[in-house]
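Descriptive analysis of the structure
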Amino acid sequence: MTEIFEAIKRSAVKINEAIMYDDTGYSKECNSTGDTQLKLDIKSDIFIENEFKKITSIKEIVSEEKENKTSLHAKGEYLIGYDPLDGSSLLDVDQSVGSIFGIYKHNYSGKNLLASAYVVYGPRVELVIATDKVRMYRLNRKDEFYFYKEIKLNQKGKLNAPGSTQMCWSVHHRKMIDDIFKDGYRLRYSGGMVLDLHHILLKGGGLFSYPGTSDLPKGKLRLVFEVFPFAFIFEKAGGRSIDGKNRILDLTPSHPHDTSPCFFGSNSEIDRVLKTYE
Ligand code: F6P
Ligand code: MG
């Protein structure tokens, strides 16, 4: 799997350079979910695909930017689901964006996720890889990622990142979020999943929620490219991830673009969500 992580590092360096200097405008294309694609969404996807094509252990890939899976090497054993440029609508306001990767075997179900990784393109470029542990790396001047530290969550955090449109929240969800703020939690929400979850992971805990809502009963975030990879990272860091009732990594999507309500946090906050949603 090391060669996959090396491919992710090479693509991250290229994506970062494109973010720094290329046009942040829209293309004329739409992705399978109907979002108008930025030129950088398309470019990032191509950088990643070109790196993965070189790795013979990769059997197949599926990108958030494409409707269908792409076969790579018939004898390969790994399947990779990835979001090339998460939060890309924040690029025009110069906020951090990211790339997310889930490395699977056999199929794209939570229980077959073997490892995951994400990259944050912020004031610095940081890479987080979760296998047995969650390890964070930083990019140096020579375009090399060096190990920085291991990430571990506390039992309870201080941050609250409540996603989606508030007017579409259920009554019980709204009450839970209000109660969390009444307990002294601070609001931290950028609108970019990678940055918001990175923030909670590095500050030791808290809650990120993207519930099912009246407009999007199954939430917005996609299991294969976004939710499973972070669920794996949160569990390996000592936290948890649920859809309200079930453990996220016990879910099996029927389509690579399926979405799910999701909650990521340290243990104390997830207990609170379970009590609310039981
Ligand atoms: O990929 C979708 C995304 O941009 C995530 O990065 C982010 O967490 C979410 O959408 C924000 O959605 P909303 O603006 O509805 O809270
Ligand atoms: Mg995304």
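These remarks concern the structure in this document. Worth saying up front: this structure is predicted, and the values here are computed from it rather than measured.

Each helix and strand in the protein was counted, giving six helices and 15 strands. For the protein, the C-alpha radius of gyration of 18 Å lies close to 19 Å, the compact-globule estimate for 278 residues. C-alpha atoms of the protein, sized along the principal axes, occupy 50 × 40 × 40 Å. Each of the 278 residues in the protein was classed as buried or not, and the buried ones make up 55%. Sequence-distant contacts in the protein: of pairs separated by 6 or more residues, those separated by 24 or more amount to 59%. Surface accessibility of the protein: about 12,800 Å² in total, with carbon and sulfur atoms responsible for 49%. Averaging the coordinates of the 39 positive side-chain charges in the protein and doing the same for the 38 negative ones gives two points 5 Å apart.

Quick look at the coordination of the magnesium ion (ligand 2) now. Around the magnesium ion (ligand 2), the donor atoms from the protein are Asp83 (OD), Asp86 (OD) and Glu226 (OE), and they sit 2.0 to 2.1 Å away. Going along the chain, you hit the donors of the magnesium ion (ligand 2) in the pattern D-x2-D-x139-E. With a gap of 143 residues between them, Asp83 in strand E5 (residues 78-86) and Glu226 in helix H5 (residues 223-236) connect regions that are remote in the sequence. Each member of the pair, Asp83 as well as Glu226, is classed as buried.

Here the focus is the sheet that holds strand E3 (residues 58-63). If you walk across this open sheet you meet the eight strands as E4-E3-E5-E6-E7-E8-E9-E10, and the pairing is mixed. The open sheet has two free edges, formed respectively by strand E4 (70-71) and strand E10 (145-150), since each of these has just one partner strand. With five bridges connecting them, strand E8 (residues 125-130) and strand E9 (residues 134-139) associate as antiparallel partners. Bridge pairing in E9 places Ala130 opposite Val134. Against the sheet, helix H1 (residues 2-21) makes contact with E3, E5, strand E6 (97-105), strand E7 (113-121), E8, E9 and E10, and its axis sits at roughly 20 degrees relative to E7, the strand it touches most.

Let us look at the site of ligand 1. Taken together, 13 residues are adjacent to ligand 1, and Asp86, Tyr189, Met193, Tyr210 and Glu226 come closest. In the model, an oxygen atom of ligand 1 is placed 2.4 Å from a nitrogen or oxygen of the Tyr189 side chain. Within the side chain of Lys220, one N or O atom sits 2.9 Å away from an oxygen atom of ligand 1. With the chains in place, 81% of the 400 Å² that ligand 1 exposes on its own is no longer accessible. For the shell around ligand 1, the class distribution of residues is five nonpolar, five polar and three charged.

Procedures and definitions
- Residues numbered from 1 in each chain as written.
- Chains lettered and ligands numbered in written order.
- Predicted model: local features only at pLDDT ≥ 70, side-chain atom pairs only at ≥ 80, totals over all residues.
- Heavy atoms only, no water.
- Helix = DSSP H or I, 4+ residues; strand = E, 2+ residues; numbered from the N terminus.
- Rg over C-alpha atoms; globule rule 2.2 N^0.38 Å.
- Buried < 20%, exposed > 50% of the residue type's maximum accessible area, 1.4 Å probe, protein only.
- Contact = heavy atoms within 4.5 Å.
- Areas by Shrake-Rupley, 256 points an atom, 1.4 Å probe, with all protein chains shown as cover.
- Lys, Arg positive; Asp, Glu negative; His and termini not counted.
- Charge placed at Lys NZ, Arg CZ, Asp CG, Glu CD.
- Donors = N, O, S within 2.8 Å, 3.2 Å for Na, K, Ca; no water.
- Pairing = 2+ DSSP bridges.
- Axes fitted to C-alpha atoms, helices over the stretch in contact; angles between N-to-C directions.
- Near = heavy atom within 4 Å.
- Polar contact = N/O pair within 3.5 Å; in protein donor to acceptor, adjacent residues only side chain to side chain.
- Nonpolar A, V, L, I, M, F, W, Y, C, P; charged D, E, K, R; others polar.

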